[in-house]
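Overview (structure and organization)
Spelled out from the first residue to the last, the chains are:
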Amino acid sequence: MQCSPALLGTTHFPSGAGERLRVLAVTRIFPNRVEPLSCPFQRRQLAALARLADVKVLGVVPWVPGASLLGERARVGKLCRVPAEDTIDGLPVVHPRAPYLPLAGPWLSGVNGPLYLAGLVPHLAALRRRFDVVLGAFLFPDAWAAQHLARALGLPYAVKAHGTDVNVIARWPSVRALVQGTLRRAGVVIGVSRPMLGALEELGAPRDRVTLVPNGVDRALFQPRSRDEAREALGLDPRARMLVYVGRLEAAKGLHELCDALASLEARAPGRFTIALVGDGSLRKTLEEKRDAGLPLLVAGGRPAEEVARFLAASDALVLPSFHEGTPNVVLEALAAGRPVVATRVGGIPDVVAHERTGLLVPPRDAPALAAAIERATSHAWNEDELTRAAPPGWDRSAEALLAALVRARAVYT
């Protein structure tokens, strides 16, 4: 790979004077032509990193035998339409096909590590002598496989964790030892929140190799805007107290509890509250049925970032009742947009939401507490300046921190 002049000065790049660090990112959590809205934070961070370093992405696609026969009836069938190579936000992306065992669960998921690695092996020859460091984003199977790929290429590797991989998957009996080994041998282990750093250390990451790289926010897109104008543009009731949820429509996101909380609010004050659900997932049909039965839900489906920003502007607050999280980027985006956050006290959320100052935090799986917080949050006069100050800077700052971590991983190796 031809190297070009460094943007930040040669002292940042131990791979040679005047050269940019060459990074190979390995991850399943990356958008593609079939799922263009997937994991936007990953795309934005790596696109920002590509302004400082040479970055190539192995955006791994799950595959099972006979997937193409399933067509549009299953996700793996739809993913057969993903091209072998692509360019996304200026990033060169290769989409290896990785076989996996569906519904493996806590006791069998360990087998998905070797299967994932098998999907990378055919690309090994084309990757030799082209990179300085491998980045595995998501603990398992991504970072586990990235570790073995790096070893085959004679390169150091870094691990970047996100939330569910640390709080749930890494605890599974079939996976825990594999994750521990991956963390112990990594040049650098990256977490997106301070609580996550402690969790990574508990899993075996050496304390002196654990580092914080917070996510960023597109400050040009997520900023305070007129609520009335946003509601008019979306055709929403200007009088209702409206909350917006942004994320996957899955049970672990606390959406059953959210519906129970909304039902109790509706029983006490009919027509007073509305919740917009922005995203897609396995619960979409169930939620649409609840809407059709009279629950004041707007099931908006997946939307691009520009429309997410409009929904946040139209809202009185963001609501995120998840059972587990890392540091969800939508929380940072809501704060940057000047909107308070009603969320569960899990993962890295308390690290960025100050209870009673920039939002309200409740226990997970507690619909009555969630209902009370929604009622309180939508009747409180929040300080918009304090909310926006609580959000992080743009993605360029996040990319600078990520670059420093990757340079450190290379230095440890050498």
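The shown structure was predicted, so the numbers you read here are calculated from the model rather than taken from an experiment. (Residues numbered from 1 in each chain as written. Predicted model: local features only at pLDDT ≥ 70, side-chain atom pairs only at ≥ 80, totals over all residues. Heavy atoms only, no water.)

**A short note on the overall build of the chain**
- From N to C terminus, the chain includes 19 helices and 16 strands.
- A compact globule built from 414 residues should have a C-alpha radius of gyration of about 22 Å, and the chain, at 22 Å, falls within 12% of that.
- Structurally, the chain occupies a C-alpha span of about 65 × 50 × 40 Å along its principal axes.
- A buried classification covers 54% of the 414 residues belonging to the chain.
- Sequence separation of at least 24 residues holds for 68% of the intrachain contacts in the chain that already meet a minimum separation of 6.
- In the structure as shown, the chain presents an accessible area of about 17200 Å², 52% of it carried by carbon and sulfur atoms.
- Across the chain, the 50 positively charged side chains and the 40 negatively charged ones have centroids separated by 6 Å. (Helix = DSSP H or I, 4+ residues; strand = E, 2+ residues; numbered from the N terminus. Rg over C-alpha atoms; globule rule 2.2 N^0.38 Å. Buried < 20%, exposed > 50% of the residue type's maximum accessible area, 1.4 Å probe, protein only. Contact = heavy atoms within 4.5 Å. Areas by Shrake-Rupley, 256 points an atom, 1.4 Å probe, with all protein chains shown as cover. Lys, Arg positive; Asp, Glu negative; His and termini not counted. Charge placed at Lys NZ, Arg CZ, Asp CG, Glu CD.)

**Examining the pattern of salt bridges**
- Per the stated rule, a full pass over the model turns up 25 salt bridges.
- Among the salt bridges present, the one from arginine 28 reaches aspartate 142, with a minimum N-O distance of 3.0 Å. Here arginine 28, found in the loop between strand E1 (22-27) and helix H1 (40-49), pairs with aspartate 142, found in helix H7 (residues 139-153); they are 114 residues apart in sequence, far enough to count as distant.
- Note on aspartate 142: relative accessible area 0%, which makes it buried.
- Put simply, arginine 75 and glutamate 35 hold a salt bridge, and the shortest N to O gap is 2.7 Å. Of this pair, arginine 75 sits in helix H3 (residues 75-78) while glutamate 35 sits in the loop between E1 and H1, and the two are 40 residues apart along the sequence.
- What makes glutamate 35 partly exposed here is its relative accessible area of 22%. (Salt bridge = Lys/Arg side-chain N within 4 Å of Asp/Glu carboxyl O.)

**With respect to the environment of asparagine 383**
- On the secondary structure map, asparagine 383 appears in the loop between helix H17 (367-377) and helix H18 (384-390).
- Judged by relative accessible area, asparagine 383 falls into the partly exposed class, the value being 41%.
- Remark: the alpha-carbon pair of asparagine 383 and methionine 242, spanning 141 residues in sequence, is separated by 18 Å.
- A distance of 3.0 Å separates the side chain of asparagine 383 from the backbone nitrogen of aspartate 385, its partner in a polar contact. (Polar contact = N/O pair within 3.5 Å; in protein donor to acceptor, adjacent residues only side chain to side chain.)

**Regarding the environment of phenylalanine 30**
- Structurally, the position occupied by phenylalanine 30 is in the loop between E1 and H1.
- For the pair phenylalanine 30 and valine 57, spaced 27 residues apart in sequence, the C-alpha separation works out to 8.9 Å.
- With near-sequence residues (within four places) excluded, phenylalanine 30 lies in contact with Ser38, Cys39, Gln42, Arg43, Leu46, Val57, Ile88, Leu91 and Val93.

**Considerations on the UniProt feature "domain: Glycosyltransferase subfamily 4-like N-terminal" (unreviewed entry) in the chain**
- Mapped onto this numbering, the UniProt entry annotates "domain: Glycosyltransferase subfamily 4-like N-terminal" (unreviewed entry) at residues 109-219.
- Secondary structure content for residues 109-219 is 46% helix and 14% strand, and the end C-alpha separation is 38 Å. (UniProt positions renumbered as here; feature names shortened; annotations may be inferred.)

**Section: the sheet that holds strand E5 (residues 91-94)**
- Sheet architecture is open: 8 strands sit in the order E4-E5-E2-E1-E7-E8-E9-E10, paired in mixed fashion. Of all the strands in the sheet, the pair left with one neighbour each is strand E4 (85-88) and strand E10 (210-212). Across this sheet, the average inter-strand angle for adjacent strands is 25°, counted without regard to direction.
- Taken together, the 4 bridges between E1 and strand E7 (residues 133-137) define a ladder with parallel strand orientation. Its bridge partner lying in E7, alanine 25 is registered against leucine 135. (Pairing = 2+ DSSP bridges. Axes fitted to C-alpha atoms, helices over the stretch in contact; angles between N-to-C directions.)

**Some words on the sheet that holds strand E15 (residues 341-344)**
- With parallel pairing, 6 strands are arranged side by side in an open sheet as E13-E12-E11-E14-E15-E16. The open sheet is flanked by strand E13 (297-301) and strand E16 (359-362), the only strands paired with a single partner. Between one strand and the next, the sheet's axes are offset by a mean angle of 20°, whatever the strand orientation.
- As defined by bridge partners, strand E11 (residues 241-246) adjoins strand E12 (residues 273-278) across 6 bridges and the pair is classed as parallel. What sits directly across from tyrosine 245, in E12, is leucine 277.
- Across the sheet, helix H14 (residues 305-314) touches E11, E12, E13 and strand E14 (317-320), and the angle it forms with E11 is around 150°.

**Notes on the side chain of glutamate 386**
- Checked against the element boundaries, glutamate 386 lands in helix H18.
- Excluding anything up to four places from it in sequence, glutamate 386 contacts Arg357 and Thr358.

**A closer look at the nonpolar core**
- Counting residues in hydrophobic clusters, the biggest one holds 75 residues, and the most contacted among them are Val26 and Leu139.
- No other element matches H7, which puts 9 residues into this core.
- The residues touching valine 26, leaving out its near neighbours within four places in the chain, are Leu58, Val60, Tyr116, Leu120, Val134, Leu135, Gly136, Ala137, Asp142, Ala146 and Leu149.
- If you look at the next biggest cluster of nonpolar residues, it comprises 64 residues, including Leu243, Leu297, Ala336 and Ala373. (Core = buried A, V, L, I, M, F, W, Y, C linked by side-chain atoms within 4.5 Å.)

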